[in-house]
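Here is what each chain is made of, one letter per residue.
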Amino acid sequence: MKFSWVRMMCTVALCLLGISTVKAQQAYRQLTPNDFTGTIPAGSGMYVAYTSCSVSMNYQASPGRNGYYQLAFDVQLVMNRNKSWMNRKIINTPEMMAEVLRHEQGHYQLAYLMRQEMLSSLSQARYTANYQAQVNAIFSRVNEKYKQLNADYDDDTNHMLDRKQQDAWINWLNKEISQINSLAMNYRY
């Protein structure tokens, strides 16, 4: 039986509100069926699941030395449970639920990696008086990269139906998450 799967929309909100400190690494977690409480939209057809995550950024700027500015960032990842949904009428076995969750976990992992790369890229940049444009450029670059990775993930895995490709992506994603978590343990914000 062939199913159509929907790709995650990584809703990205750029909020330019002041937060005076960079928060510690956000904990990575496993998704559960309880993370999908949204209403299945009309016209979803045979779509089985939809994962919605938001990556948002806040920062505060203060003048530094030699014409540069110091920026403190808060970059957050939120699993939007009320916008994420599963069509439980189509998911009819525990094994199928596990496969759907595994695929959707991949979308969450990509959002998590995006959050981590966003924080790293923003924190390592040097900012001038034009810091708002610099921040927006970094945010846009990282956002576009992960939009493409999400599209590639769904295309390569045929929305999970190509199990060999699904396994390859999950292995790569798990490796990336592991490396980021290892680095974070050695770095204090």
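In what follows, the structure referred to is the one given above.
Just so it is clear, the model here is predicted, and its values are computed rather than measured.

Undergrad: Just to check I follow, could you spell out the overall build of the chain for this structure?
TA: The helix and strand tally for the chain stands at 3 helices and 5 strands. The order of helices and strands in the chain, counted from the N terminus, is β-β-β-β-β-α-α-α. For the chain, with 189 residues in total, the buried portion stands at 43%. Taken as a whole, the chain presents about 10300 Å² of accessible surface, with 50% of it coming from carbon and sulfur.

Undergrad: Explain the packing of aromatic side chains here, please?
TA: In this description, a pair of aromatic rings is defined by centroid distance and the angle of the planes. Here the structure, examined in full by the defined rule, presents 9 aromatic pairs. Geometrically, the ring pair formed by Y59 and Y131 is edge-to-face, given 6.2 Å between the ring centres and 85° between the ring planes. Of this pair, Y59 sits in strand β3 (residues 52–63) while Y131 is found in helix α2 (residues 131–157), placing the two residues 72 residues apart along the sequence. Y59 sits in the buried class, given a relative accessible area of 8%. When its relative accessible area of 24% is taken as the criterion, Y131 is described as partly exposed. Chaining the aromatic ring pairs together yields one cluster made of Y59, Y69, F73, Y127 and Y131.

Undergrad: What is the right way to look at the pairing of β3 in this model?
TA: On a regular strand, one side chain projects to one face of the sheet and the next to the other, so that they alternate. Relative to strand β4 (residues 69–79), β3 runs antiparallel, the two sharing 11 bridges. Bridged to C53 within β4 is M79.

Undergrad: I tried to follow the side chain of N80 on my own but got confused; where do I start?
TA: Tracing the chain through its elements places N80 in the loop between β4 and β5 (85–86). On the basis of relative accessibility, which here comes to 15%, the residue N80 falls in the buried class. In this view, N80 contacts S52, C53 and S54; residues no more than four positions away in its chain are not counted.

Cut-offs and rules
- Residues numbered from 1 in each chain as written.
- Predicted model: local features only at pLDDT ≥ 70, side-chain atom pairs only at ≥ 80, totals over all residues.
- Heavy atoms only, no water.
- Helix = DSSP H or I, 4+ residues; strand = E, 2+ residues; numbered from the N terminus.
- Buried < 20%, exposed > 50% of the residue type's maximum accessible area, 1.4 Å probe, protein only.
- Areas by Shrake-Rupley, 256 points an atom, 1.4 Å probe, with all protein chains shown as cover.
- Phe/Tyr/Trp six-rings, centres within 6.5 Å; stacked < 30°, edge-to-face > 60°.
- Pairing = 2+ DSSP bridges.
- Contact = heavy atoms within 4.5 Å.

Everything listed here is a matter of geometry and, on its own, says nothing about what the molecule does.
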